[in-house]
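# Structural characterization, general
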Amino acid sequence: MPITDTYQRPLHDLRISVTDRCNFRCAYCMPKEIFGRDHTFLPKDDLLTFEEIARLARILANLGVRKIRLTGGEPLLRREVEALIQMLAAIPGIEIAMTTNGTLLARKAQILKDAGLNRVTISLDALDDATFKQMNDVNVPVQTVLDGITAAEEAGLAPLKINMVVKRGVNDKDILPMARYFHGSGHILRFIEFMDVGSTNGWRMDQVVSAKEIAETINNQMPIELLEANYRGEVANRWRYTDGNGEIGIIASVTQPFCGNCTRLRLSAKGELFTCLFGTRGHDLRALLRDDASDNELHQRITAVWQTRADNYSEARSTETSTLPKVEMSYIGG
Ligand code: SAM
Ligand code: SF4
Ligand code: SF4
């Protein structure tokens, strides 16, 4: 039976962080100064096992979840994540997606598809190596990610979504090159406003390039028009090229918040539920799982969490809320 929260929002999407580790150090997500060599990540025993995740996913499917996205950290760093996909694919009526930085995708795309993955979103912030490195602080050539994109196409995972976080003064000059590159490719490039998630990325409003500015930049060179949302809870504003060569998305989480339609629940790698990307506190399910709770007890706990949910951080964002401690994006997966 689908459940709703205090604002009558149904529970529909589940994001599962399968690891808090990453091979990138994107300045907007895991800045090297904080996530350096001596940063301690979660030990293996702290992570939910695949069986524990699949059990929770089955219970959540009974509560209305229809879409599960695996994320992280970098989800392809979790060993044999395809085994988890296989377990999730056995739950009827669920679409399974993944968000990845694409570095390991060339090797993994076919395995993931064969395991039952339906969709993949690949993060790519620039097309030239120098800007790419400035965004993620590691020495990975852009070509590695482009090879991952090709492998995903060949494995039958297309159409793909490509996520580009735009940071003023760093990669805003790449908006048009990226738009041109993916124009007519069949993939959907989504521009994301740099968000004040977590407490470590030194976010400032003047680093945000607004959705309006992004749309104008593209429209001036390649005319676009706004489309209707596909479904309630779709976070990206959809635009189509008027020449008929595809569409783009713009995620305006800072300048045009969409909390009223937020149908997402997040499960951290160690089994805490977060009802908002900007949550300060998770609800621990791992203790219940490891304390032999029945399915019914888990069902009741999750129902209570969702039914008392009253989050609307982005709509309430203010000088007061922006200084509150927040969970890191790499911890609950965006
Ligand atoms: N490592 C994977 C990746 O980068 O695709 C999955 C996890 S990552 C946290 C999920 C998404 O969140 C990525 O598309 C990333 O660009 C986005 N993201 C991370 N920090 C962000 C921020 N401060 N503002 C906006 N988007 C952000
Ligand atoms: Fe890693 Fe993704 Fe965060 Fe970049 S955005 S540091 S790739 S988890
Ligand atoms: Fe959903 Fe929280 Fe983001 Fe609002 S701020 S859209 S409630 S995750």
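Right above here is the structure, for reference.
In what follows, the accompanying structure is described. Since the model is a prediction, treat every value here as computed from it, not as a measurement. (Residues numbered from 1 in each chain as written. Chains lettered and ligands numbered in written order. Predicted model: local features only at pLDDT ≥ 70, side-chain atom pairs only at ≥ 80, totals over all residues. Heavy atoms only, no water.)

The subject of this paragraph is the pattern of salt bridges. Under the defined criterion, the tally for this structure stands at 14 salt bridges. The partner of Asp 46 in a salt bridge is Arg 286, and the shortest N-O contact between them spans 3.8 Å. Here Asp 46, found in the loop between strand 1 (13-17) and helix 1 (50-62), pairs with Arg 286, found in helix 8 (residues 286-290); they are 240 residues apart in sequence, far enough to count as distant. Residue class for Asp 46 comes out partly exposed when judged on its relative accessible area of 25%. Under the relative-accessibility criterion, Arg 286 is labelled buried at 19%. As a salt-bridge pair, Asp 311 and Arg 309 come within 3.6 Å of each other at their nearest N and O atoms. Its relative accessible area of 23% is what places Asp 311 among the partly exposed residues. Put simply, Asp 5, Arg 9, Arg 309 and Asp 311 are held in one network by salt bridges that share partners. (Salt bridge = Lys/Arg side-chain N within 4 Å of Asp/Glu carboxyl O. Helix = DSSP H or I, 4+ residues; strand = E, 2+ residues; numbered from the N terminus. Buried < 20%, exposed > 50% of the residue type's maximum accessible area, 1.4 Å probe, protein only.)

Turning our attention to helix 9 (residues 295-307). Here helix 9 is 13 residues long and its end C-alpha atoms lie 18 Å apart, about the 18 Å a rise of 1.5 Å per residue gives. Within helix 9, burial applies to Leu 298, Ile 302, Thr 303, Val 305 and Trp 306. Down the axis of helix 9, the sector holding all buried residues measures 160°, keeping them to one side. Those residues of helix 9 that are buried are in contact with helix 1, strand 10 (264-267), strand 11 (272-274), strand 12 (283-284) and helix 8. (Expected span 1.5 Å × (residues − 1). Arc of directions from axis to C-beta. Contact = heavy atoms within 4.5 Å.)

Neighbouring residues of ligand 3: Phe 258, Cys 259, Cys 262, Arg 266, Cys 276, Leu 277, Phe 278, Arg 309, Asp 311, Tyr 313 and Ser 314. A breakdown of the residues in the shell around ligand 3 according to their chemical character gives seven nonpolar, one polar and three charged. (Near = heavy atom within 4 Å. Nonpolar A, V, L, I, M, F, W, Y, C, P; charged D, E, K, R; others polar.)

In this structure, Thr 303 sits in helix 9. In contact with Thr 303, other than residues within four places in its own chain, are Ile 3 and Leu 63.

In the vicinity of ligand 1 lie 20 residues, with Tyr 28, Gly 73, Ser 123, Asn 163 and Met 195 positioned nearest. Here a nitrogen atom of ligand 1 and a backbone polar atom of Gly 73 are 3.0 Å apart. Take Thr 100: an N or O atom from its main chain is 3.2 Å from an oxygen atom of ligand 1. Protein burial of ligand 1: of its 540 Å² of free accessible surface, 95% is covered by the chains. Where the shell around ligand 1 is concerned, the elements lending two or more residues are strand 3 (95-100), strand 5 (161-166) and strand 6 (188-193). Considering only residue class, the shell around ligand 1 consists of eight nonpolar, ten polar and two charged. (Polar contact = N/O pair within 3.5 Å; in protein donor to acceptor, adjacent residues only side chain to side chain. Areas by Shrake-Rupley, 256 points an atom, 1.4 Å probe, with all protein chains shown as cover.)

An order of 7-8-9-6-5-4-3-2-1-10-11-12 is seen for the twelve strands of this open sheet, with the pairing classed as mixed. A strand with exactly one partner marks an edge of an open sheet, and here the two such strands are strand 7 (224-226) and strand 12. As defined by bridge partners, strand 2 (residues 67-71) adjoins strand 3 across four bridges and the pair is classed as parallel. In the strand pairing of strand 3, Ile 68 is matched with Ile 96. (Pairing = 2+ DSSP bridges.)

Next up on the list: the nonpolar core. If you look at the biggest cluster of nonpolar residues, it comprises 112 residues, and the most contacted ones within it are Leu 70, Leu 124, Phe 191 and Ile 218. Those residues in contact with Ile 218 that sit more than four places away from it in its chain are Ile 175, Leu 176, Ala 179, Phe 191, Pro 223, Ile 224, Tyr 241 and Ile 248. (Core = buried A, V, L, I, M, F, W, Y, C linked by side-chain atoms within 4.5 Å.)

Turning our eyes to something else, we now look at the packing of aromatic side chains. Inspection of every chain in the model, using the stated rule, returns three aromatic pairs. Seen in terms of ring centroids, Phe 24 and Phe 132 are 5.9 Å apart; in terms of plane orientation they differ by 80°. Their pairing is edge-to-face. In this pair, Phe 24 sits in the loop between strand 1 and helix 1 while Phe 132 sits in helix 4 (residues 129-136), placing the two residues 108 residues apart along the sequence. Across the pair, exposure class does not vary: Phe 24 and Phe 132 are buried alike. (Phe/Tyr/Trp six-rings, centres within 6.5 Å; stacked < 30°, edge-to-face > 60°.)

Applying the stated criterion across every chain, the model contains three cavities of 30 Å³ or more. As for the second largest cavity, its lining consists of twelve residues, of which Arg 15, Lys 67, Arg 69, Tyr 231 and Arg 264 are closest to the centre. Broken down by secondary-structure element, the contributors of at least two residues to the lining of the second largest cavity are strand 1 and strand 2. (1 Å grid on protein atoms, 1.4 Å probe; cavity = no way out; pocket = protein on both sides within 12 Å on 5 of 7 lines; lining within 4 Å. Points joined across faces, edges and corners; volume = space filled by probe spheres on them.)

Once that is clear, we can look at the packing of helix 6 (residues 175-182) against helix 7 (residues 211-221). Where helix 6 meets helix 7, the axes come as close as 10 Å, and the angle between the chain directions of the two elements is 60°. Judged on the interaxial angle alone, helix 7 and helix 6 are oblique. Classified by chirality, the crossing of helix 7 by helix 6 is right-handed. Across from Ile 175, Leu 176, Ala 179 and Arg 180 in helix 6, the residues of helix 7 making contact are Ile 214, Thr 217, Ile 218 and Gln 221. In terms of residue class, the contact of helix 6 with helix 7 is made up of five nonpolar, two polar and one charged. (Axes fitted to C-alpha atoms, helices over the stretch in contact; angles between N-to-C directions. Parallel < 35°, antiparallel > 145°, perpendicular 65-115°, else oblique. Left-handed = near helix turned anticlockwise from the far one by under 90°.)

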